[in-house]
Number of protein chains: 2
Amino acid sequence: MAEYILPIQRLIEEFRKIPGVGAKTAARYAFAVLNLSESEAFRFADAIVGVKRDVHKCPICYGLSSDEDGCDICTSPDRDHSVICVVEDAKDVMTMEKVRGYRGTYHVLGGALSPLDNITHEDLTVKELVDRVEKGGVKEIIIATNPTPKGDTTAAYIARLVEKYPVEVSRLAYGIPVGADIEYADEITLLRAMEGRRFYGNNRSDK
Amino acid sequence: MAEYILPIQRLIEEFRKIPGVGAKTAARYAFAVLNLSESEAFRFADAIVGVKRDVHKCPICYGLSSDEDGCDICTSPDRDHSVICVVEDAKDVMTMEKVRGYRGTYHVLGGALSPLDNITHEDLTVKELVDRVEKGGVKEIIIATNPTPKGDTTAAYIARLVEKYPVEVSRLAYGIPVGADIEYADEITLLRAMEGRRFYGNNRSDK
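Conventions used here
- Residues numbered from 1 in each chain as written.
- Chains lettered and ligands numbered in written order.
- Predicted model: local features only at pLDDT ≥ 70, side-chain atom pairs only at ≥ 80, totals over all residues.
- Heavy atoms only, no water.
- Pairing = 2+ DSSP bridges.
- Helix = DSSP H or I, 4+ residues; strand = E, 2+ residues; numbered from the N terminus.
- Axes fitted to C-alpha atoms, helices over the stretch in contact; angles between N-to-C directions.
- Least-squares fit on C-alpha atoms with pLDDT ≥ 70 in both.
- Contact = heavy atoms within 4.5 Å.
- Domains from an automatic or database assignment.
- Phe/Tyr/Trp six-rings, centres within 6.5 Å; stacked < 30°, edge-to-face > 60°.
- Buried < 20%, exposed > 50% of the residue type's maximum accessible area, 1.4 Å probe, protein only.
- Right-handed = clockwise from strand over helix to strand, strands pointing away.

Engineer: An account of the sheet that holds strand E5 (residues 140-143) of chain B is needed here, citing residue identities and associated values.
Structural biologist: All names here are of chain B. Read from one edge to the other, the open sheet built from four strands follows the order E4-E3-E5-E6, with strand pairing classed as parallel. Each of the sheet's edge strands pairs with one partner strand only, and the pair in question is strand E4 (104-108) and strand E6 (168-171). Strand-to-strand twist of the sheet, defined as the mean angle between neighbouring strand axes without regard to direction, takes the value 25°. For strand E3 (residues 80-87) and E4, the ladder comprises five bridges, and the chain directions are parallel. Looking at E4, one finds that Asp80 is bridged to Gly104.

Engineer: Quick rundown of the relation of the copies chain B and chain A? Include the residues and the values.
Structural biologist: With an RMSD of 0.2 Å, chain B superimposes on chain A once it is rotated by 179° and translated 0.1 Å along the axis. Here the transformation between the copies is reduced to the relation of a two-fold axis. Among all C-alpha atoms of chain B, that of B:Ala45 lies closest to the rotation axis, at 2.1 Å. Mapped onto chain A, 98% of the interface residues of chain B are again interface residues, and the two copies thus contact each other with one and the same surface.

Engineer: I'd like to hear about the domain arrangement of chain A, residue by residue, with values.
Structural biologist: Domains assigned within chain A are domain 1 (6-54) and domain 2 (78-200). Averaged C-alpha coordinates put domain 1 of chain A and domain 2 of chain A at centres separated by 35 Å.

Engineer: So what's going on with the packing of aromatic side chains? Residues and values would help.
Structural biologist: The final tally for this structure, using the stated rule, is nine aromatic pairs over all chains. Summarising the aromatic geometry, the rings of B:Tyr4 and B:Phe31 are spaced 5.9 Å apart at their centres and angled 55° between planes, so their arrangement reads as tilted. Here B:Tyr4, found in the segment before helix H1 (6-16), pairs with B:Phe31, found in helix H2 (residues 23-34); they are 27 residues apart in sequence, far enough to count as distant. Overall, the relative accessible area of 6% leaves B:Phe31 in the buried class. Taken together, the aromatic side chains of A:Phe15, A:Tyr29, A:Phe44, B:Phe15, B:Tyr29 and B:Phe44 make up a single cluster linked through ring pairs.

Engineer: Which residues make up the pairing of E5(B), and what values go with them?
Structural biologist: Residues and elements named next belong to chain B. Note: E3 against E5, four bridges, orientation parallel. Across the sheet, residue Val86 finds its bridge partner in E5, namely Ile143. With four bridges connecting them, E5 and E6 associate as parallel partners. Bridge pairing links Ile142 to Ser170 in E6. Viewed along the sheet, the connection from E5 through helix H6 (residues 149-161) into E6 turns out right-handed.

Here it is in structure tokens:
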């Protein structure tokens, strides 16, 4: 890749540090930056530095916050602080927030249990979650870890940990995505959709 | 997209200014930057500013140069300065440089003629190319504009302009890409490949 002059090569290498960006894409991006005006390039550079400078961890939910004292959700009087939705990553909070109906709070674990990667409960904010429950006022925990083996293990682990507290624990339903075609669903998803099937009205056997 | 906190939202918007980067990709990139260390983020930001600060236009070929006085190719005694390869964009120089066999120099037009977009010969470095030829010492011009209508027009225009000088003018061959299957070549490419066919040895009719 020595065919680029040094300043461009340097920027290409920086872009390549982003997961999923290969050599060709990085070169395309570097040339796009070259086409920006000087003030636009400064603004871009400042936004990169700014994201490291101005983004903090919320000391309550461990999600991202522009305020060191607590994120907008944890400090909002409009949210239901008796409900905690537990997610793996800070990004998941934003994904869940798209579900406009949810008015509870969050707890960001910072990953999922993974013995193979040496990620144990000590690397996650599990203790901090239990502390929140212990303090009282929490009525429900909705576990929204990913539908993966790691996410499953983490969900089961958390469910067991908070068993002794008077708190309802649930996990997001597995199933066929809305709008998707059954034909394209994989077998495991279909199996989970069967297991989690919901009965209509009167004739439920366990009623 | 108000679900992201401001510093992240700002960076997402900067990434979105890159052509081809949509909202989801930009968000993914912004979070990747968030995962960089502070010093890595600074290096990234500096590379962006640096590309604007340290990249100059070569005053001879109008390609990109890290030196204001001339690019590595134009100032190299190892290159054949009697051959000029004419390309549309500075990026094309790097593409052509991958052809390790080429030892001549370049001339970057800065685009292609396009009356519909109001791009005339005055927007391109056509005059500067003719000046180089006029100065003497140039024996051959290889036109490597893109195989598009705009590139064709530009190539024909340049060929006519330098007609009066004692210089050989050629254009890159059109044809089937090496390693490609004829089955997948479009008709225009096939037609051009037919027109540009090369004869083997003895039985050439025009010999």
